[in-house]
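Results of the structural survey
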Amino acid sequence: MKLTLKIWRQDGPADAGRMVTYPIEGVSEEMSFLEMLDVLNEDLIAKGEEPVAFDSDCREGICGMCGLMINGQAHGPERTTTCQLHMRSFKDGDEVVIEPWRAEPFPVIRDLVVDRSSFDRIIASGGFISADTGSAPDAHATPVPKDNADRAFMAAECIGCGACVAACPNAAGMLFMGAKVTHLGELPQGQPERDARVFSMVGQYEEEGFGGCTNLGECSRACPKGIPLNVISQLNGDLQRAYRHRS
Amino acid sequence: MATQTVSAGPRSGPNSILLKTVMAVTGLIFIGFILAHMYGNLMIFAGKDAFDEYAHHLRTFGSPMLPEGGFLWVMRITLLVSLVLHAWSAFTLWARAGAARKTRYQVNKAAKSIFVSRAMRWGGVALLLFVVFHLLHFTTNTIQVNGDFSRPSDRLVSSFEVWWAVLIYVIAVLALGMHLLHGVWSAAMTLGLNTSLDRAEVIRVVSVAVAAVVVIGFLAPPFSILFGLIP
Amino acid sequence: MTETLIEGLYTEGEPVADAKAPKTDIVTMWQQRKFDAKLVNPANRRKLDVIIVGTGLAGASAGATLGEAGYNVKSFCYQDSPRRAHSIAAQGGINAAKNYKGDGDSAYRLFYDTVKGGDYRSRETNVYRLAEVSVDIIDQCVAQGVPFAREYGGLLDNRSFGGVQVSRTFYARGQTGQQLLIGAYQALERQIGAGTVQMFPRHEMLELIVVDGKARGIVARDMVSGEIETHLADAVVLASGGYGNVFFLSTNAMGCNVTASWRAHRKGAYFANPCYTQIHPTCIPVSGDHQSKLTLMSESLRNDGRIWVPKNRDDCEKDPREIPEEDRDYYLERIYPSFGNLVPRDIASRQAKNMCDEGRGVGPKVGDFRRGVYLDFADAISRLGEDAVRAKYGNLFDMYERITGENPYQVPMRIYPAVHYTMGGLWVDYDLESSIPGLFVAGEANFSDHGANRLGASALMQGLADGYFVLPNTIRDYLANGPYEPLAEDHPDVVAARASVEERIEKLLSINGERSVDSFHKELGHIMWEYCGMERSEEGLRKAIDLIRSLREEFWRNVRVLGAADTLNQSLEKAGRVADFLELGELMCIDALHRRESCGGHFRAESQTEDGEALRHDDEFAYVAAWEWGGDSGNPVLHKENLEYEFIELKQRSYK
Ligand SMILES: Cc1cc2nc3c(=O)[nH]c(=O)nc-3n(C[C@H](O)[C@H](O)[C@H](O)COP(=O)(O)OP(=O)(O)OC[C@H]3O[C@@H](n4cnc5c(N)ncnc54)[C@H](O)[C@@H]3O)c2cc1C
Ligand code: HEM
Ligand code: HEM
Ligand code: SF4
Ligand code: F3S
Ligand code: FES
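Residues numbered from 1 in each chain as written. Chains lettered and ligands numbered in written order. Predicted model: local features only at pLDDT ≥ 70, side-chain atom pairs only at ≥ 80, totals over all residues. Heavy atoms only, no water.

- In the nomenclature of an unreviewed UniProt entry, chain C is known as succinate dehydrogenase of Ornithinicoccus hortensis.
- Reading the Cofactor (unreviewed entry) entry of the UniProt record for chain C gives the comment "FAD".
- Note on chain C: under the UniProt heading Subcellular location (unreviewed entry), the record states "Cell membrane". (UniProt positions renumbered as here; feature names shortened; annotations may be inferred.)

- Going by the annotation in an unreviewed UniProt entry, the name recorded for chain B is Succinate dehydrogenase subunit C, with Ornithinicoccus hortensis given as the source organism.
- Its UniProt record gives chain B a comment under Subcellular location (unreviewed entry), which states: "Membrane".

Digging into the interface of chain A and chain C
- Taken together, the contact pairs 71 residues of chain A with 71 residues of chain C.
- Of the roughly 6,000 Å² buried between chain A and chain C, counting both surfaces, carbon and sulfur atoms make up 52%.
- The salt bridge involving Arg202(C) is made with Asp55(A); its shortest N-O contact spans 2.8 Å.
- Where chain A touches chain C, the interface holds 47 residue pairs in polar contact (both at pLDDT 80 or more).
- Broken down by secondary-structure element, the contributors of at least two residues to the side of chain A that touches chain C are α1 (33–47), β6 (108–110), β7 (113–114), α2 (117–126), α3 (146–156) and α5 (174–185) of chain A.
- Looking at side-chain class alone, the side of chain A that touches chain C contains 35 nonpolar, 16 polar and 20 charged residues. (Contact = heavy atoms within 4.5 Å. Buried area = accessible area lost by both parts, 1.4 Å probe. Salt bridge = Lys/Arg side-chain N within 4 Å of Asp/Glu carboxyl O. Polar contact = N/O pair within 3.5 Å; in protein donor to acceptor, adjacent residues only side chain to side chain. Helix = DSSP H or I, 4+ residues; strand = E, 2+ residues; numbered from the N terminus. Nonpolar A, V, L, I, M, F, W, Y, C, P; charged D, E, K, R; others polar.)

Section: the site of ligand 4
- Near ligand 4 the following residues occur: Phe119(A), Cys158(A), Ile159(A), Gly160(A), Cys161(A), Gly162(A), Ala163(A), Cys164(A), Leu175(A), Cys223(A), Pro224(A) and Ile227(A).
- When the residues that make up the shell around ligand 4 are grouped by side-chain class, the tally is ten nonpolar, two polar and no charged. (Near = heavy atom within 4 Å.)

Observations concerning empty space enclosed by the protein
Residues and elements named next belong to chain C.
- Tallied over the entire structure, the rule returns 14 cavities of 30 Å³ or more.
- For the second largest cavity, the calculated volume is near 150 Å³.
- Lining the second largest cavity are 13 residues, and of these Leu-206, Arg-504, Ile-505, Leu-572 and Gly-576 lie nearest its centre.
- For the lining of the second largest cavity, the secondary structure elements donating two or more residues are β8 (203–211), α7 (259–266), α13 (492–511) and α16 (570–594). (1 Å grid on protein atoms, 1.4 Å probe; cavity = no way out; pocket = protein on both sides within 12 Å on 5 of 7 lines; lining within 4 Å. Points joined across faces, edges and corners; volume = space filled by probe spheres on them.)

So, the coordination of the iron atom of ligand 2
Residue and element names in this part refer to chain B.
- Protein coordination at the iron atom of ligand 2 comes from His-86 (NE2) and His-179 (NE2), with a distance range of 2.1 Å.
- Each of the six donor atoms around the iron atom of ligand 2 contributes to a set of angles spanning 84 to 179 degrees, which defines the coordination as octahedral. On the criterion of sequence distance, the pair formed by His-86 in helix α3 (residues 70–100) and His-179 in helix α6 (residues 163–190) is long-range, its members being 93 residues apart. Comparing His-86 with His-179, the two get one shared label, buried. (Donors = N, O, S within 2.8 Å, 3.2 Å for Na, K, Ca; no water. Tetrahedral: all angles 85-135°; square planar, octahedral: opposite > 155°, others 65-115°. Buried < 20%, exposed > 50% of the residue type's maximum accessible area, 1.4 Å probe, protein only.)

Observations concerning the packing of helix α1 (residues 16–42) of chain B against helix α7 (residues 197–226) of chain B
Residue and element names in this part refer to chain B.
- In contact at an axis separation of 9 Å, α1 and α7 are set at 30 degrees when each is read in the N-to-C sense. Comparing the axis directions of α1 and α7 gives the class roughly parallel. Crossing hand, α1 versus α7: left-handed. For the pair α1 and α7, contact is made by Ile-34, Leu-35, His-37, Met-38, Asn-41 and Leu-42 and by Val-213, Val-214, Gly-217, Phe-218, Ala-220 and Pro-221, respectively.
- The class makeup of the residues in the contact of α1 with α7 is nine nonpolar, three polar and no charged. (Axes fitted to C-alpha atoms, helices over the stretch in contact; angles between N-to-C directions. Parallel < 35°, antiparallel > 145°, perpendicular 65-115°, else oblique. Left-handed = near helix turned anticlockwise from the far one by under 90°.)

Quick look at the UniProt feature "active site" (unreviewed entry) in chain C
Residue and element names in this part refer to chain C.
- Residues given the UniProt feature "active site" (unreviewed entry) here are Arg-345.
- Mapped onto the secondary structure, Arg-345 falls in helix α9 (residues 345–357).
- Looking at Arg-345, the relative accessible area reads 9%, which means it is buried.
- Setting aside residues up to four positions removed in sequence, Arg-345 forms contacts with Phe-161, Gln-278, Ile-279, His-280, Pro-281, Glu-299, Arg-302, His-420, Arg-454 and Gly-456.

As for the domain arrangement of chain C
Residues and elements named next belong to chain C.
- Domain annotation of chain C identifies domain 1 (279–420) and domain 2 (492–614).
- Between domain 1 and domain 2, the contact holds 16 residues from the first and ten residues from the second.
- When the two sides are added together, the surface that domain 1 and domain 2 hide from each other amounts to roughly 980 Å², 56% of it contributed by carbon and sulfur.
- On the domain 1 side of the interface with domain 2, the three residues burying the most area are Ile-279, Arg-350 and Lys-353, jointly 51% of the side's total.
- The tally of links from domain 1 across to domain 2 stands at zero salt bridges.
- Where domain 1 meets domain 2, there are two residue pairs in polar contact (both at pLDDT 80 or more).
- Looking at side-chain class alone, the side of domain 1 that touches domain 2 contains seven nonpolar, four polar and five charged residues. (Domains from an automatic or database assignment.)

With respect to helix α4 (residues 111–139) of chain B
- A rise of 1.5 Å per residue sets the reference length of α4(B), with its 29 residues, at 42 Å; its end C-alpha atoms lie 39 Å apart and thus fit the reference within 8%.
- Looking only at α4(B), the buried set comprises Ser113(B), Ile114(B), Ser117(B), Met120(B), Arg121(B), Gly123(B), Leu127(B), Phe130(B), Phe133(B), His134(B), His137(B) and Phe138(B).
- Among the structural elements, α7 (218–222) of chain A together with α1, α3, α5 (152–159) and α6 of chain B are those in contact with the buried residues of α4(B).
- Just past α4(B), the residue Asn141(B) takes up positive phi, approximately 65 degrees. (Expected span 1.5 Å × (residues − 1).)

Thoughts on the site of ligand 5
- The local shell around ligand 5 consists of Cys168(A), Asn170(A), Ala172(A), Cys213(A), Thr214(A), Asn215(A), Leu216(A), Gly217(A), Glu218(A), Cys219(A), Leu229(A) and Ile232(A).
- Residues of the shell around ligand 5, tallied by class, amount to seven nonpolar, four polar and one charged.

Re the packing of aromatic side chains
- All chains considered together, the criterion is met by 40 aromatic pairs over all chains.
- Where Phe199(A) meets Tyr243(A), the ring centres are 5.1 Å apart and the plane angle is 80 degrees; that geometry is what we call edge-to-face. Note that Phe199(A) is positioned in helix α6 (residues 194–208) and Tyr243(A) in helix α8 (residues 230–246), a separation of 44 residues in sequence.
- Ring geometry for Tyr478(C) versus Tyr484(C): centroids 5.0 Å apart, planes at 25 degrees, classification stacked.
- On the basis of relative accessible area, Tyr478(C) is assigned to the buried category, the value being 9%.
- One aromatic cluster in this structure is built from Phe106(A), Phe119(A), Phe176(A), Tyr205(A) and Phe210(A).
- Arg129(C) extends its terminal NZ or CZ atom over the ring of Tyr430(C), reaching a point 4.1 Å from the ring centre.
- Its end group placed over the ring of Tyr409(C), Arg390(C) keeps NZ or CZ at 4.3 Å from the ring centre. (Phe/Tyr/Trp six-rings, centres within 6.5 Å; stacked < 30°, edge-to-face > 60°. Lys NZ or Arg CZ within 6 Å of the ring centre and 35° of its normal.)

Notes on the sheet that holds strand β3 (residues 49–53) of chain C
All names here are of chain C.
- With parallel pairing, five strands are arranged side by side in an open sheet as β7-β4-β3-β11-β21. The open sheet has two free edges, formed respectively by β7 (197–200) and β21 (439–441), since each of these has just one partner strand. Ignoring which end each strand starts from, the neighbouring axes of this sheet average 20 degrees apart.
- Relative to β7, strand β4 (residues 72–76) runs parallel, the two being bridged by four bridges. By the bridge assignment for β7, Ser-75 is matched with Met-199.
- Helix α3 (residues 57–69) rests against β3, β4 and β7 of the sheet, and its axis sits at about 165 degrees to β3. (Pairing = 2+ DSSP bridges.)

Considering the interface of chain B and chain A
- Counting from both sides, the interface comprises 48 residues of chain B and, opposite them, 55 residues of chain A.
- Across the chain B to chain A interface the summed buried area is about 4,000 Å²; carbon plus sulfur atoms make up 52%.
- The interface formed by chain B and chain A contains two salt bridges.
- In this structure, Arg96(B) engages Glu206(A) in a salt bridge whose closest nitrogen and oxygen atoms are separated by 3.3 Å.

Remarks on the pattern of salt bridges
Residues and elements named next belong to chain C.
- This structure, assessed with the given rule, holds 79 salt bridges over all chains.
- As a salt-bridge pair, Lys-101 and Asp-157 come within 3.6 Å of each other at their nearest N and O atoms. Taken together, the residues span a long stretch of sequence, with Lys-101 in the loop between β5 (94–95) and α4 (107–117) and Asp-157 in the loop between α5 (124–144) and β6 (169–170) at a distance of 56 residues.
- Of the residues examined, Lys-101 reaches a relative accessible area of 33% and is grouped as partly exposed.
- By relative accessible area, Asp-157 is classed as buried at 16%.
- One network of salt bridges, in which partners are shared, links Lys-20, Arg-33, Lys-38, Asp-429, Asp-431, Glu-433 and Asp-477.

Written as structure tokens, this is what we have:
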């Protein structure tokens, strides 16, 4: 099939950037979206033009490295990661607009590549359980009720791709942060630091300049791992609980 | 250079979740008032006397502990403070959201959410303007729609015999309904009540119910008057 | 030992031996080593710098643990976040000899299974320790909040994996690697927050700095600004993962590379058993020429799916549902009646290839060849019902459907083997120290624990064992002699290392030839797959060596790398990696050629039994082949480390 791609090109962090149109032919249904871009890049290299920079690594939907805004949807029309989106979701003659994630805490580095280290800093501020190596009791010392274990797992599925931020009209990162707070807060091991964790993570979140959530739910709809909105509610509740404990 | 970017740095003002909590709590206060107010308005169906009685009762509620009109003032102050806090939080979050995405997408399919988001903010502003108008109309009697009446029930009935007055109120009440449709859901989310998929369903249903009750409850008197069902 | 060229390809040097494993009973050995290893006073730890390249299970866990201990750690990865290392993709699970099921498991049994599974080509001492510390890994991960699968009673669940008879595999649905890595990543981030670890994401190590024979730092490129940086330290740890991407198509991530290991190899670190690669039988087949990577489907599918190809070539194009039972060849069940579809990975892979080579492969033609066999669930669905099958494999079926567009509940799946794991890697001793003092290697990047074949769910175990428990205890013995003499940035060896990196980048950018980097990588991958893949022969390997040499020559003459050095430049990154693969590929072929036996993942056509099964030659080849770099125009030097089996008796594998 033939497509018309409109791609954001930006030479570096300081460049203003622009949309550039590239026609592409010979796209087959089996190709993944990123393989389609690989083909485009091979064409560009053959013509002596610099290839389009985009992030990807595992290409199987688990590392969270890939992420493009495709026709106004984070990760495109299916609920999956960009690398797992296949060209059979498009039809001959389609126009496909490809943009990087847009949010001030995710500055564009080049073309479609953005910097998501703000997420790492949120985790570094408190998204962990302090358990020094070697100090752990036997794993069976603390049974975890299955319901809690399941909910913790559900929240732990987040791959840190940033689609939630990209999709949110407020550029809020609450689904990401809520997922971590819920994951660790559901487990007995996570209780001792529960209040401190949410204070410091929210503090860091604010420093990163994310927007505030107004519970619109776009994030969860875009999330390739289907993290539900209730993790945001959990996060809100945990913060309020922490304030109550403090006073 | 250890990491590529550094964070934007401390932000002035309370954190966003705290602001949201303020909005939710003040929002709930509004809902409480709105429901009571609606109940009061419905008194008109029990007759003009009942309605006036209720309006009067509002002023004497709590006496002799409170001076005449004391309860009313406590309520008014609470509402006013809530409104200031609510609006201030809303505008602060609005500004933060704007600062968090300076470059917009060329194409964006989050159309529904963007609409809801705008509707909350502009709808809130519209509500604020309406309340000002409404106070001038009914409470201070500054704006007189269809003659000058001292009895609240007369003011009510005569006003809603005028079609454009009804129209203003219909628009305002629909705006309120919209605000509550998302607002109730949002407040429950903010207060940490949505902890499972089942809970989410319940909250959705409650939001729709509250919005529907408020819209129907508020619109029943004006329409009844317009169609001459109430003498 | 000889100076003369063997096979026209390599020379043989002094044998090597592991000198660090204490000479005691295997059960007390690790305790003894931990006791013998010198301690570093807590106040001194802050003065000791350790560089860790890689943030996978091995690197992140080592970084976190050394950070907790108070060393000054600098951690590097090429992705934008340490959380994205390819360990994240592991699906199946992690082994540990917890014996929670009370089914007779023990450290000794895990040790035994691992040595046997590795086809008797691994070092007993290391493997025993691996089995011993495996239990601590689970405790550690649970304490960190890793959400392993649990039973209704709230205790951890286990499953049996990879054909062993005990249930010792801990798992977190199909995302065990992800959950373990996130645990290690969070521990690492905690140390980053605490300031003991400094993180350098989007930094690629391009050279090792060796001064006075000791590893003293690395040269890295900041992949955003293009800046070439030197980082100096008292010790360097490589935890940079496997090199399966030398085959271009593999289940590895796009960025997996051998550069870190290869650069160290060129500076004197021995590369052990490079030819040992594991080919996984259940991957989704290649669908076209533009495919960039292969996706693994969990091995558990073979528990209920039946593998077959049509008996007649003419049926290969038919709708499989229209091929009657009598025209189907359930070849694994036919050849291996007792193990059937559950034969080990290497056998299942090789037989699938044989079927396709006979022209009985199915699915679309890629080139003029069909690469695929059916994995049919029709029986399971009629026996258990569709719902039961969905409950067990639903997410895998969905993934399959997403990628292929076919519904496996109705049409049989198609699978084909793909390169998955590399058992070879930098040679290390019991302390995980390479042949360069001060250079330690952990995780898939070293060769240590899996011999010629890795058991399912053992790589995760090894990565975490190395990072959490082994390395932090052994490296202190080295660090206790530090801090080593401070180095100036303008030390001649440092300057030279940096200059060589800059020169190479300049060279790559200036060739401005006709062919893209990917086209070279694909061609190399093709050569490797054809001649150094599932079945290797003398003739093929010799041919491959010639092809690789001329491809390498062409690369340095005709590659086209556009763009500049001082910005994010993905073509440049790839070019550097492919250049190293082009050198590694040759060494892999030489290693495969010299090992005239079939063992584990290495099947030599010339060494098989009468009925076509792998044949080992313990008398000649019970050694680790540790290769020393022979220089750009020289030949590699083989150092043999003899493998002695004191506890386990060597046997030929048989699955008939
Ligand atoms: C699809 C798949 C499924 C698997 N399933 C299982 C399973 O179920 N059970 C099991 O036990 N094993 C499994 N394995 C194997 C196992 O996942 C890996 O062997 C193991 O995770 C490797 O961990 P590592 O820490 O050594 O390396 P990796 O996780 O690969 O990490 C490598 C790190 O090195 C960095 N790096 C590499 N080169 C450079 C450089 N030049 N400069 C800077 N940084 C660099 C990378 O950024 C990364 O951080 C699977 C593997 C794959 C591919
Ligand atoms: C200046 C005027 C106002 C503005 C700008 C405004 C704006 C908003 C916004 C942005 C929200 C948040 C919705 C969300 O989370 O998405 C909200 C919530 C709410 N508003 Fe208003 N509003 C205003 C006035 C009012 C008035 C007059 C009422 C009542 C009559 C009201 C009742 C509510 C309620 C109940 C909520 C739900 C609380 C919550 O979301 O947490 N608002 N408003
Ligand atoms: C059809 C709809 C409505 C009717 C008939 C109505 C009627 C009245 C009347 C009669 C009063 C005067 C009471 C008194 O002073 O004795 C009043 C006061 C008031 N109304 Fe309404 N109202 C309506 C809708 C609304 C809405 C939608 C809002 C808010 C968003 C609102 C907010 C108020 C407020 C704040 C007061 C002032 C209370 C006080 O402090 O005295 N009303 N209303
Ligand atoms: S919550 Fe979902 S969308 Fe957000 S980072 Fe995690 S996986 Fe991506
Ligand atoms: S879309 Fe945005 S507003 Fe909240 S619910 Fe999701 S973060
Ligand atoms: S590339 Fe890893 S999730 Fe897409």
